[in-house]
Amino acid sequence: MRILPSFVFALTLIAGMTVVAAPAAAQSSPIKIGAILPLTGSGASYGVWMKGGAEMAAEEINASGGIAGHKLEVIYEDHAADASKAVNAMQRLVEVEKVPFSMTSYSSPTLAIQPIAAQHKVVIMNGGGQSDSLANKPYLYNNIPVVSNEVGVIATYLAKDKKLLSAVMIVANDEAGRNSAETFRDKFGAAGGKVLAEERVALDATDFRAQLAKLKARGGDLLYISSYGRNVSIIADQARELGITIPMAGTSWVLVPETFKSKGAEGMMVTKLPFDPDSAFAKKFKDRYKTNAGFFAVQYYSATMIFAKAAAEAMKKNGGVLTGEGVKNAIESIGTFDTLSGKLVFQANHGAVMDIEVGTLKDGKVQVEKVIKAAP
Amino acid sequence: MDLFLQLAATGLVVGSLYILCALGWGLIYGTTLHFHVAHGAVFTLAAYYAYAAQKLLGLPLAVAVAGAIVAAAFSGMLIDLLIYQPLERRGAIRTTLFIASLGLLTLIENVLAIIFKPDPLRMDVGWLGDSVQLGPVFLIRLHLVSVATAVVGFFALMAFLKYSRWGQAIRAVSSSPEMARTVGIDLRRVHLLTYAVGSAISAPAGILLAMDVGVEPYRGTTFVLLASVAVIMGGIGSIPGAALGALFLALLENIGVWKIPSEWQSTISFGAFLIFIVVRPRGLFGRKIHSAEI
């Protein structure tokens, strides 16, 4: 039983660390908020954008005097696309850091933490996940449209404008991937198209050849990629390697730096949410983080700004006291926020609407062909 | 039929990596009876050595690969020298060795994740990444290199064990450690040699993975699990058995997708393993489980 003493020692160490970690919440003057993001794993590229956007917003807020005189501090947590890690992070933010608000991202992690948010009356704002099931949840606000809007646009574009009427799909086997695939099946069907086959793959996989070979054998006019993060570029490259020559398509989910660099993804048809790569924000981001900004950088910049405005309002109403409930009421009463991507109006279902662009990937950029305006 | 051929070819390519991994693990297990799961860490380390040599030191691909294989061989020897031999000297039982090995695997994986981040890293392969078409089958050149490496690795290992003095010593220890000791073979030195050879033969699998789809810190666990399954299916102590077991698993995993949805991939292979091992506990070519033979 030589293992036992070291086991006891390890336990003591762990217990010791917990005790040391606890007093961190004691410093009270700054306003602390959370941000649970994909900082590692297949979506780490989104994480760079999201964290960068939030960081830039927090610095601007602090440079102009903070929120009602309080400094804003963002605590970043990593969910690595894993719902259980998101839950741990949320528990820590709620119990240790006592935040009134947290940004969140991805559909499965956001759905997993929403009950904790509602129970503790902490507002969570999702600027990245797009599953339809994220709508109508207490204390969860989405400053991004749900995926069915975008999928509807691309499905109609493919069937009506491009006359591509039969599709095969490769689907990330998680909440977001499956949801987007189902929506595509419906909307593509409604536009006169037909999905011939679908193959599900793990989000963290790196070899998709068997699945792609199977889809290739089914034929079809088009390969629809219902996945996101770095594996989109691997799927695109491996598809071309296997001699799959039909066009590929996806939503704004596929637009990560790896995809822009991938040879296989050239010509992919995509939807895109409004983001101007030549804006002052994008330039500042590039100077600071040495990488091109993306749509999600703006999203988390906006989410932080929305919080700042709502928090100031909440504190004014409640005599300087900031609570999650106060933030929620302020978001509801303000309703419309000015953001870098134009006016953002929260809908009754706690989601947002935006313009959606459609185009083709070419030379590392999306060449926009048309813009579908947000419903009035 | 085209699909079947494509899936079989993909299976063969994946199988080459499984074979290399299983050959190394099987040689080590058959000779030392160490359930060396840290072999997975050596496999991953080899990939990171090669990646670091090419991307961080800027060495040419061939030099990076050769250097990584040598470094992996030394890593395997170090594990035996610093972990297993001291444990054995103090009379540790095999389970303790296995737990130590598991601990080491976890440790190395986590350190790699801290240094290199958990995202997959891919080496530059230049023209090896170009497509080749063989009838209805599409591959890239690198895949042909993988298959060739597995074939060469297999025959080189067989020849080494059969014809070289050191190889014969390994076989002697593998078939009967007591007898080998009586005739004056130094068991510790043979173990060290086995770790060097076993690590060197599996290292290319990790490196080829880094060249093809990229290496991640935790990838070794999957590979060592598959390698141990392949070795047990093939019969402990049998080198051809290990290779056949590995090839069978890879083909099953890929061809299985032909008629069954692909999320069943690993369920199929491990299901088949369970059925196989219940029906034939000694594996394909294994004679006795305990005193293994090569």
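Residues numbered from 1 in each chain as written. Chains lettered and ligands numbered in written order. Predicted model: local features only at pLDDT ≥ 70, side-chain atom pairs only at ≥ 80, totals over all residues.

Asker: Please explain the interface of chain A and chain B as it appears in this structure.
Answerer: When the parts come together, some accessible area is lost, and that loss is often what is quoted as the size of the interface. On the side of chain B, 19 residues touch chain A, which itself brings 19 residues to the contact. Only β7 (194-201), α7 (209-218) and α8 (231-241) of chain A provide two or more residues apiece to the side of chain A that touches chain B. Counting residues per element, the side of chain A that touches chain B draws most heavily on α7 of chain A, which supplies six residues. Each residue belonging to the side of chain A that touches chain B can be placed in one class, and the counts come to seven nonpolar, six polar and six charged. (Contact = placed C-beta atoms within 7 Å. Helix = DSSP H or I, 4+ residues; strand = E, 2+ residues; numbered from the N terminus. Nonpolar A, V, L, I, M, F, W, Y, C, P; charged D, E, K, R; others polar.)

Asker: Any chance you could explain the nonpolar core here in plain terms?
Answerer: If you look at soluble globular proteins, the nonpolar side chains tend to sit buried side by side. All names here are of chain B. Y18, A22, A46, A50 and A68 are the most contacted members of the largest nonpolar core, which has 211 residues in total. Sorting elements by how many residues they give to this core places helix α1 (residues 2-32) first, with 16 residues. Ignoring any residue separated from it by four or fewer positions in sequence, one finds A46 in contact with A68, I69, A72, A203, G206 and I207. (Core = buried A, V, L, I, M, F, W, Y, C linked by C-beta atoms within 7 Å. Buried ≥ 20, exposed ≤ 12 C-beta atoms within 10 Å, placed from the backbone.)

Asker: Help me out: how do you make sense of the environment of M77 of chain B in this one?
Answerer: All names here are of chain B. Turning to its location among the elements, M77 is positioned in helix α3 (residues 61-89). On the basis of neighbour counts, which here come to 20 C-beta atoms within 10 Å, the residue M77 falls in the buried class. Note: C-alpha distance between M77 and S175 (98 residues apart in sequence) is 21 Å. If we skip the residues at most four places from it in the chain, M77 touches L192, Y195 and A196.

Asker: How do you make sense of the pairing of strand β10 (residues 269-272) of chain A when you look at a structure like this?
Answerer: Regular strands place their side chains on alternate faces of the sheet. All names here are of chain A. What you see with β10 is no split at all: M269 and T271 on one side and V270 and K272 on the other are buried throughout. Across two bridges, strand β9 (residues 248-250) lies against β10 in parallel orientation. Pairing of A249 across the sheet is with M269, part of β10. Across four bridges, β10 lies against strand β13 (residues 356-362) in antiparallel orientation. Along β13, the bridge assignment pairs K272 with E357. (Pairing = 2+ DSSP bridges.)

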